[in-house]
Amino acid sequence: MVKDVAPKAGLPADFLWGFATAAYQIEGGATADGRRPSIWDTFCKIPGKIADGSSGDVACDSYHRMAQDIDLLNKTGAKAYRFSISWSRVIPLGGRKDTVNKAGLQHYVKFVDDLLEAGIVPMVTLFHWDLPDELYKRYGGFMNKDEFVADFANYARVMFEALPKVKHWITFNEPFCSAVLGYSVGQFAPGHTSNRNKSPIGDSSTEPWIVGHNILIAHATAVKIYREEFKPNNGGEIGITLNGDWVEPWDPNDGQDRIACERKLEFSICWFGDPVYFGKYPDSMVKQLGDRLPKFTEEESALVKGSNDFYGMNHYCANYIRHRNGPADPNDFAGNVDILLEDKSGKSIGPITQSPWLRPHAPGFRKLMKWLSDRYGRPKIYVTENGTSVKGENDLPKEEILEDEFRVEYFRTYVQAMAEAVAEDGCDCRGYMAWSLMDNFEWAEGYETRFGVTYVDYENGQHRYPKKSALELKNIFDQYIGKV
Ligand code: GBH
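So, how was this worked out
Residues numbered from 1 in each chain as written. Predicted model: local features only at pLDDT ≥ 70, side-chain atom pairs only at ≥ 80, totals over all residues. Heavy atoms only, no water. UniProt positions renumbered as here; feature names shortened; annotations may be inferred. Helix = DSSP H or I, 4+ residues; strand = E, 2+ residues; numbered from the N terminus. Rg over C-alpha atoms; globule rule 2.2 N^0.38 Å. Buried < 20%, exposed > 50% of the residue type's maximum accessible area, 1.4 Å probe, protein only. Contact = heavy atoms within 4.5 Å. Areas by Shrake-Rupley, 256 points an atom, 1.4 Å probe, with all protein chains shown as cover. Lys, Arg positive; Asp, Glu negative; His and termini not counted. Charge placed at Lys NZ, Arg CZ, Asp CG, Glu CD. Near = heavy atom within 4 Å. Polar contact = N/O pair within 3.5 Å; in protein donor to acceptor, adjacent residues only side chain to side chain. Core = buried A, V, L, I, M, F, W, Y, C linked by side-chain atoms within 4.5 Å. Salt bridge = Lys/Arg side-chain N within 4 Å of Asp/Glu carboxyl O. Expected span 1.5 Å × (residues − 1). Pairing = 2+ DSSP bridges. Axes fitted to C-alpha atoms, helices over the stretch in contact; angles between N-to-C directions.

As recorded by an unreviewed UniProt entry, the protein chain carries the name beta-glucosidase and is attributed to Exophiala viscosa. Quoted verbatim from the Sequence similarities (unreviewed entry) field of the UniProt record, the comment on the protein chain reads "Belongs to the glycosyl hydrolase 1 family." Checking UniProt for the protein chain, the heading Catalytic activity (unreviewed entry) contains the comment "Hydrolysis of terminal, non-reducing beta-D-glucosyl residues with release of beta-D-glucose."

The structure is reproduced here in structure tokens:
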């Protein structure tokens, strides 16, 4: 018998940790200083799309509370802050021939200066789902490759130029969600789907694949611009953030379920990851989707291949995967599998939360980090999101919300799993941003689902109250940092 030894766990001394947010989820100020609508402003106006009928019009009012948010970050001990830019605040109509809004741009220049002054490292996402609405109306947004790529490139250049002090750039957050939730399921803006009960327009069998392809080209174009025109002087780094949850077979004794797990990872993560690291789509996707999956021209493939200085990893949970028999439905986007929360014996993958898709399963974090590290040749990884909602949290009195032991336990176990991936498995993980700094607009779920380490009192002037988890993260990281 081998004696059980606790796994080694540690993180490098210069490990960057902090919190993440996104512009539309926290800023509010929807029409302040010349901002124009994004596709999310428009989507929120359609009755039935957002659970509580809300929008990001006011949200956490962060546009007017920069100093408060920085104070909050300081209270937590965070070393870094990941936030996103509202494209239609900076270029209200969005396009390369449209005017740049000085006031909108200046807001971010000042915010970056103030963060740095407070000793907090900014990590900036250029695109977290809020496409300028005008670009959608003008030419179909993501669906129009030439126009979209050129307009994104212009916007990216404007931001690189304006924020030379930013050293960590993320092009796109979770392109999977823009493509699948926006153009297949229809749950996110702009709400395209083949389901005619939900939308008069959309083709779930083709559009998500075109959108994903065009986002990859836009990402790689922005990276090329950064590397050629800005990196030599500014010395920063740039990458894309991909969502990805871990997978376990529904029936561990069924070889087909085990193969289905790999296929599910390929459809959700490698759809974007393989082009970025290998210049091509995974074989499983080519096989299932045939001509519906766009082909990279040689030039595109060369452009996209190698377009990451780091891998941005968003990770929340795990699922059980069951293979399906027979040919895949033309609208399938998961690799012809069922995504389940319970295995064959009825065991849940983890405890229930407020989010139907999210059940914590910390061992999956270590396994996925290792899986990614192996597949992509041990890239430098930043965890750009990780966090949880809490079942029924919104219905509790404030004093109880502030004692969010469930969230604290989530962070304890997930950070431990990450520290094991580094110390035991040799993963090159250099940073971690918890989702989220504060409760915010949780997209189609509105404000009922809270992901924050800070309670935001929406009824009473958007006041912020740190929960237990806000203050606990520093203690958690202190245990591991410098121990590897
Ligand atoms: C993140 O995405 C977002 O970046 C952030 O803005 C958001 O607030 C946060 O998480 C919390 O939700 O079953 O195939 O349809 C969430 C990750 C990825 C969760 C896709 C739901 C559904 C996959 N999402 N997933 S599928």
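Peer 1: I would appreciate a short explanation of the overall build of the protein chain in the present structure.
Peer 2: Along the backbone of the protein chain there are 16 helices and 13 strands. For the protein chain, whose C-alpha radius of gyration is 21 Å, the value lies close to the compact-globule estimate of 23 Å for 484 residues. If one aligns the C-alpha atoms of the protein chain with their principal axes, the spans along those axes are about 65 × 50 × 50 Å. When burial is assessed residue by residue, the protein chain has 62% of its 484 residues classed as buried. Taking the intrachain contacts of the protein chain between residues at least 6 apart in sequence as the baseline, contacts between residues at least 24 apart amount to 77%. Total accessible area on the protein chain stands at roughly 18,400 Å², and carbon and sulfur atoms take up 52% of it. Averaging the positions of the 56 positive and the 68 negative side-chain charges in the protein chain gives two centres separated by 3 Å.

Peer 1: Would you mind going over the site of the ligand with me for this structure?
Peer 2: Neighbouring residues of the ligand: 18 residues in total, closest Gln25, Glu174, Glu385, Glu442 and Trp443. Interatomic distance of 2.9 Å between a side-chain N/O atom of Glu385 and an oxygen atom of the ligand. Take Trp435: an N or O atom from its side chain is 3.2 Å from an oxygen atom of the ligand. Contact with the protein chains covers 85% of the free accessible surface of the ligand, which is 580 Å².

Peer 1: Explain the nonpolar core to me, please; I cannot follow it from the model alone.
Peer 2: Considering soluble globular proteins, one finds that nonpolar side chains tend to be buried as a cluster. Trp40, Phe152, Met418 and Tyr432 are the most contacted members of the largest nonpolar core, which totals 154 residues. When near neighbours in sequence (up to four residues on either side) are disregarded, Tyr432 contacts Phe15, Leu16, Trp17, Gly18, Phe365, Val383, Asn386, Phe411, Val415, Met418, Leu473 and Phe477.

Peer 1: Even after reading the chapter, I still don't get the pattern of salt bridges, so can you show me in this structure?
Peer 2: Charged atoms that come close allow side chains of opposite charge to pair. Tallied over the full model, the rule gives 41 salt bridges. Note that Arg407 is salt-bridged to Glu393, the shortest N-O span being 2.9 Å. Of the two residues, Arg407 sits in helix H15 (residues 405–423) while Glu393 sits in the loop between strand S10 (380–385) and helix H14 (398–401), which places them 14 residues apart along the sequence. With relative accessibility at 0%, the residue Arg407 sits in the buried group. On the accessibility criterion, Glu393 (3% relative accessible area) is buried. Connected through salt bridges with shared partners, the residues Glu393, Asp404, Arg407, Asp439, Arg450 and Lys467 form a single ionic network.

Peer 1: Honestly, helix H5 (residues 102–117) in this entry has me stumped. Any pointers?
Peer 2: Because each turn of an α-helix spans 3.6 residues, side chains separated by three or four positions in sequence point in the same direction. Given a rise of 1.5 Å per residue, 16 residues ought to cover 22 Å, and the 22 Å separating the end C-alpha atoms of H5 matches this to within 8%. Residues of H5 that are buried: Gly104, Leu105, His107, Tyr108, Val109, Phe111, Val112 and Leu115. Its buried side turned inward, H5 meets helix H3 (66–76), strand S2 (80–84), helix H4 (87–90), strand S3 (121–127) and helix H7 (145–162). Phi turns positive one or two residues past the end of H5, at Gly119, with a value near 80 degrees.

Peer 1: What is the right way to look at the sheet that holds strand S6 (residues 246–249) in this model?
Peer 2: Two modes of strand pairing occur in sheets, parallel and antiparallel, and in both the strands are linked by backbone hydrogen bonds. Across the sheet, three strands lie side by side as S6-S8-S9; this open sheet has mixed pairing. Looking at the sheet topology across the chains shown, the edges are occupied by S6 and strand S9 (337–340). In this sheet, adjacent strand axes meet at a mean angle of 40 degrees when their direction is disregarded. Pairing analysis gives four bridges linking strand S8 (residues 318–323) to S9, with the strands arranged antiparallel.

Peer 1: What am I meant to see in the pairing of S8 here?
Peer 2: Moving residue by residue along a regular strand, the side chains alternate between the two faces of the sheet. In terms of residue burial, S8 counts as a mostly covered element, since five of its six residues are buried. Pairing between S6 and S8: four bridges, direction parallel. The residue of S8 that forms the bridge with Pro249 is Ile321.

Peer 1: What should I look at first to understand the side chain of His323 in this one?
Peer 2: Its place among the elements puts His323 in strand S8. A distance of 2.6 Å separates a polar atom in the side chain of His323 from a polar atom in the side chain of Asp257. Polar contacts involving the side chain of His323 include one to the side chain of Asn325, which spans 3.3 Å. Residues within four places of His323 in sequence aside, it is in contact with Asp254, Gln256, Asp257, Ala260, Arg263 and Asn336.

Peer 1: Can you help me understand the side chain of His168 in this one?
Peer 2: On the secondary structure map, His168 appears in strand S4 (residues 168–173). What makes His168 buried here is its relative accessible area of 12%. One polar contact links His168 to Glu237, side chain to side chain, over a distance of 2.8 Å. Setting aside residues no more than four positions away along its own chain, His168 makes contact with Leu16, Val121, Pro122, Met123, Val124, Glu237 and Tyr382.

Peer 1: What exactly am I supposed to notice about the pairing of S4 here?
Peer 2: Most of S4 is tucked away: six of the six residues are buried. With four bridges connecting them, S3 and S4 associate as parallel partners. If you follow Thr125 over to S4, its bridge partner there is Ile170. As paired strands, S4 and strand S5 (residues 237–243) are joined by four bridges and run parallel to one another. When the sheet's bridge partners are listed, Trp169 is paired in S5 with Ile238.

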